[in-house]
Amino acid sequence: MRGFLDQAILKYTSILISQPFEVAKTVLQCQYVPRREGKSKHHQHSRGFATSEEQEGDSEEEETKAEAEENPWTTFEEGAEDSDDEPKYFASTASPDASPTLRPSRAPATGPKKMTDRAGYVLEDKEGIPRPDYQIQRCSSGAVNEALKALWNKEGAWGIWKGTNATFIYSVLASTMESWTTSFISAVLSLPDPGVTEIADSTHPMASLAVAVAASTLTALLLSPLDVIRTKLILTPSTSKPRNLLPALRALPSYFISTSLILPTTLHAAIPSLISLTTPYFLKTKLNLDPLLTPHSFNFFAFLSSTVEMFVRLPLETVLRRAQIAEAKPERTIVPVGRYAGVIGTAWVLMKEEERGKWGFEGLYRGWRVMAWSNAGVLGLGMLGVQGGTTHEF
């Protein structure tokens, strides 16, 4: 009993340390970041089939539209000056001394209009449209420190430690259920338990690997409602009710996973688990590396594997978080939430309709610095001879 209590305290302490970074990462992943207009030039250069003349014509059309919007009244004579080189099929019957006829280019505005993109999102001004009192200021797509600062300024300590209890309960239940499921399936199939024996030492390593991945996926599917509540608690204001776990679970339409969450949850649970579980087996059987005999080489290649896992996990996690908040349907969120359009559709939205970052694909890897710091910390501890822990606990 004392040992279980010590482990629980240690686990809760580690979650308290990592939770602010997880909250910031979740906020960045679900936040809608409008695409800047300056990115259109980069988009034009990426069009391999467009010629320079076509690009110049597009820019001239955009300038003409901008001028028309600034001046809602235009004259036919001004339009004629721009089209002197074009053949005149119809001659004007009006007297040359007549005053120019005015026509409105658009209906008079009855109030301030907001620009929207093709997806229907409202484009924000350069200075930023005033947001509701419960929302934080918009953060850059990859700036974890900006998200933490905005959360602290808006809600204080409650803002950066939201969902801590839900995260702790989910973590404990996930590890317990995954261990029990792995043991149960292994016993049914008469295989060594991957939780006790390393997969590389199993008599049927591929079967043991499949059992471990299946147990991780099944656990994620069963605990999906709790994960949805965790995401909702993070993205809703601290004044929104309910904030307790049980009332929030009762508010769900079902205690089972929604059909729209099955695919993103399965991908997020199965693929990263496959990479992390295959790495020790590959290093030991193919490269003859052992954590005890060759610790530095083993830890270096494990670091490379965890980096690959990070690049695979983050896009899947971003898609999953948006699917979860779309399923939860909260009345208020602390940031404008990007839309969910399926696994492939959401990835397309992040790449084409929202801010993509400097390299063009950073929208899929929001909050990557959190996992990069974690991997670097694990590598440093491994080089110092400290073993244990996983690469994504912090």
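Above this text sits the structure in question.
No experiment lies behind these values; they were computed from the predicted model shown.

Quick look at the nonpolar core
Step number 1: In this structure, V27, I136, C139 and L151 are the most contacted members of the largest nonpolar core, which totals 18 residues.
Step number 2: Of all elements in the fold, only α1 (2-30), α5 (144-155) and α9 (224-235) reach the threshold of two or more residues within this core.
Step number 3: Beyond its immediate stretch of four places on either side in the chain, V27 contacts I136, L151, I234, L235, I334 and V335.
Step number 4: One finds L226, I229, L245 and A248 within the second-largest nonpolar core, a separate group that totals eleven residues.

Things to note about unusual backbone geometry
Step number 1: The peptide bond linking K241 to P242 adopts the cis configuration, its omega dihedral lying at -5 degrees.
Step number 2: Residues other than glycine seldom take positive phi values, yet N288 does so here, at roughly 55 degrees.
Step number 3: Looking at the secondary structure, you find N288 in the loop between α11 (259-285) and α12 (295-328).
Step number 4: Its relative accessible area of 63% is what places N288 among the exposed residues.

With respect to the environment of W161
Step number 1: Looking at where W161 falls in the secondary structure, it is placed in the loop between α6 (157-160) and α7 (164-188).
Step number 2: In this view, W161 contacts L16, Q19 and P20; residues no more than four positions away in its chain are not counted.
Step number 3: Engagement of the side chain of W161 in a polar contact is seen with the backbone oxygen of L16, the distance being 2.7 Å.

Quick look at the pattern of salt bridges
Step number 1: Applying the stated criterion across every chain yields a total of twelve salt bridges.
Step number 2: The salt bridge partner of K162 is E155, with a shortest N-O separation of 3.3 Å.
Step number 3: Take K162: its relative accessible area is 3%, and that puts it in the buried class.
Step number 4: Two residues, R366 and E354, come together in a salt bridge whose shortest N-O distance is 2.9 Å. Taken together, the residues span a long stretch of sequence, with R366 in the loop between α13 (342-352) and α14 (368-383) and E354 in the loop between α13 and α14 at a distance of twelve residues. Assigned by exposure class, R366 and E354 land together as buried.

What about the packing of α12 against α13?
In a packed pair of helices, the relevant descriptors are the angle between the two axes and the axis-to-axis distance.
Step number 1: Where α12 meets α13, the axes come as close as 10 Å, and the angle between the chain directions of the two elements is 105 degrees. Considering their axes alone, α12 and α13 lie roughly perpendicular with respect to each other. Counting all contacts with α12, which are made through T318, V319 and R322, the residues of α13 involved are G342, V343, T346, V349 and L350.
Step number 2: Across the contact of α12 with α13, the residue classes break down as four nonpolar, three polar and one charged.

The rules behind the values
Residues numbered from 1 in each chain as written. Predicted model: local features only at pLDDT ≥ 70, side-chain atom pairs only at ≥ 80, totals over all residues. Heavy atoms only, no water. Core = buried A, V, L, I, M, F, W, Y, C linked by side-chain atoms within 4.5 Å. Buried < 20%, exposed > 50% of the residue type's maximum accessible area, 1.4 Å probe, protein only. Helix = DSSP H or I, 4+ residues; strand = E, 2+ residues; numbered from the N terminus. Contact = heavy atoms within 4.5 Å. Polar contact = N/O pair within 3.5 Å; in protein donor to acceptor, adjacent residues only side chain to side chain. Salt bridge = Lys/Arg side-chain N within 4 Å of Asp/Glu carboxyl O. Axes fitted to C-alpha atoms, helices over the stretch in contact; angles between N-to-C directions. Parallel < 35°, antiparallel > 145°, perpendicular 65-115°, else oblique. Nonpolar A, V, L, I, M, F, W, Y, C, P; charged D, E, K, R; others polar.

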